[in-house]
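Summary of structural features
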Amino acid sequence: MGRKALDIRALFVFTQTMLVILHADLNSFFASVEQQENPTLRGQPVGILKAAGRSCVIACSDEAKTQGVATGMSLTDVESLCPEIILVPANFDRYFFYTRQFLDLVSRYTDRVEVFSLDEVFLDLTHTHRLYSPQEVARDIQRRVSLELGEALGCSIGIAKNKLLAKLASNLAPRKGILEITEQNQARLLAQAPFDAVCGIGYRLTARLHALGIYSLPQIAATPDRLLDAAFGPFWGPRLKQIARGEDYSPVVTLKELGDAKSVSRTFTLFADTTNPRQIKGVLRNLVEEAAFKLRQMGLTGRQFGLSLRGGGRSRVGHVTGKTFTDSGRDIFDRVYTIYSSWRWRYPVRFLGVWVGLLAVKDNLSLPLFTAEQRSQRLTEAIDRVNLTYGDYAVHPASLLFGQIVKPEANGYLGDKKFQFRGSL
Ligand SMILES: [Mg+2]
């Protein structure tokens, strides 16, 4: 028994450390869909307007791009650059229809699909890459896109060990091309990557980096932490360093895992591994407070409490289910911390997540019977009112006094995505 358990654990550790992520990005998506639907538009410069009569283009065809037209340009600029451009009002129902087909198509290769936008997905091929090579999967996806979505559609594909690099690879790949970032070419590609090909470095950050005389990722990597922190703050300083090194610890999150209103979750990725129990405790409490506050805002309460940890090549997920409902940060934290303590986690921690499930509408439950409970509920309500008036964490638990308060990643934005794609997966 001992030996078998050891073998399984060895396999688990192996698969946790060797991620294979594929990013597929439909080229010039809106314009290609219009060209697919209307063959007279093929081979022509096409600009998409948000609605008829609007004054800037929200997307354009490759033919328009080669003439210098870019997304977001005003109509006046577009028409002076490319007088023969054909302007078409956006048809989002039509784009959604193609997106659903695209999702069905990529879901044949793995169930670990993250919808990143209407025309972009991440596939986690970690558990299948020994059966089918990622290159094979990439070529097959490209073949099927033109076969099933239409010959006017094409996609670029990036393959790498994390989402940041996979997306960078598809951005650097030529139209309908495939690029894999490996240990061998990573440093060279990072050094060559323009900031606008790097997910996370938007035009505002680019402008601020340029103002400091920083024009490349290796330059960011070589800038001392304290200078980056001073210029970009405690969030963006360390984040830029990670990006510059090609580091990304965010998992592929499937629509199923986003959870609907069946659970409320909060996650956070630390900027460096930690083994400091006080820091871990502080971040957990922080995440629990955020989740509990969200629950109360939604008028919900729950009785299942979950914890997710990653780091040092390991990951673990677990939960406990209670008999009584709660929306109190302190109660939820007690449960989550009990899970954490029971694991005796001895590895570095990089990613932490907490969730509350088995939710119920609070108004449907009976009021608390005991005075202590009633008092604690009134206290929580008062704290919420203070925080809503004076900003998050104006009043907060003492365990958050040391260390910095983090703004966790909420699932609201992705929750919206789930709503948009309901029924499609
Ligand atoms: Mg695209």
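These lines cover the structure that appears in this document, whether it is placed above or below. Being a predicted model, the structure only gives us computed values, none of them experimental. (Residues numbered from 1 in each chain as written. Predicted model: local features only at pLDDT ≥ 70, side-chain atom pairs only at ≥ 80, totals over all residues. Heavy atoms only, no water.)

A look at the coordination of the magnesium ion
As a reminder of what qualifies: Coordinating donors are taken as N, O and S atoms within 2.8 Å of the metal, stretched to 3.2 Å for Na, K and Ca; because water is absent from the atoms, sites can appear incomplete. Strands are runs of DSSP state E lasting at least 2 residues, helices are runs of H or I lasting at least 4, and numbering of each runs from the N terminus. Partly exposed describes any residue whose relative accessible area lies between the buried limit of under 20% and the exposed limit of over 50%, with all areas from a 1.4 Å probe on protein chains only and scaled to the type maximum.
Donor atoms from the polypeptide that bind the magnesium ion are Asp25 (OD), Leu26 (O) and Asp119 (OD), placed at 2.1 to 2.3 Å. Along the chain, the residues that donate to the magnesium ion are spaced as D-L-x92-D. On the criterion of sequence distance, the pair formed by Leu26 in strand 1 (residues 21–26) and Asp119 in the loop between strand 5 (113–117) and strand 6 (120–124) is long-range, its members being 93 residues apart. What makes Leu26 buried here is its relative accessible area of 1%. According to the relative accessible area criterion, Asp119 is buried, its value standing at 16%.

A few points about the packing of helix 13 (residues 277–298) against helix 14 (residues 329–343)
Applied cut-off: Lines fitted to C-alpha atoms define the axes here, with helix axes fitted over just the stretch in contact, and angles between the N-to-C directions of these axes take values from 0 to 180 degrees. For this classification, under 35 degrees means roughly parallel, over 145 means roughly antiparallel, 65 to 115 means roughly perpendicular, and everything else is oblique. Left-handed describes a crossing in which the near helix is turned anticlockwise from the far one by less than a right angle; the clockwise case is right-handed. Between two residues, a contact is recorded if the distance between any of their heavy atoms is within 4.5 Å. Each residue gets one of three labels, nonpolar for Ala, Val, Leu, Ile, Met, Phe, Trp, Tyr, Cys and Pro, charged for Asp, Glu, Lys and Arg, and polar for the others, Gly among them.
Where helix 13 contacts helix 14, the two axes come as close as 9 Å, and the packing angle between them is 135 degrees. By the angle between their directions, the pair helix 13 and helix 14 is classed as oblique. In this structure, helix 13 crosses over helix 14, and the sense of that crossing is right-handed. Seen from helix 13, the contacting residues are Ile280, Lys281, Leu284, Arg285, Val288, Glu289, Ala292, Leu295 and Arg296; seen from helix 14, they are Gly329, Arg330, Ile332, Phe333, Val336, Tyr337 and Tyr340. In terms of residue class, the contact of helix 13 with helix 14 is built from 10 nonpolar, 1 polar and 5 charged.

Notes on the sheet that holds strand 2 (residues 46–49)
Basically, it comes down to this: Following DSSP output, two strands are said to pair if at least two bridges run between them.
Read across the sheet, 3 strands follow the order 3-2-4 without closing on themselves; strand pairing throughout is mixed. The open sheet has two edge strands with one neighbour each: strand 3 (57–60) and strand 4 (86–89). When strand polarity is set aside, the average angle formed by the axes of neighbouring strands in this sheet is 30 degrees. Alignment of strand 2 against strand 4, held across 4 bridges, turns out to be parallel. Within the sheet, the bridge partner assigned to Gly47 lies in strand 4 and is Leu87. This element, helix 2 (residues 29–37), spans strand 2, strand 3 and strand 4 of the sheet and lies at about 110 degrees to strand 2.

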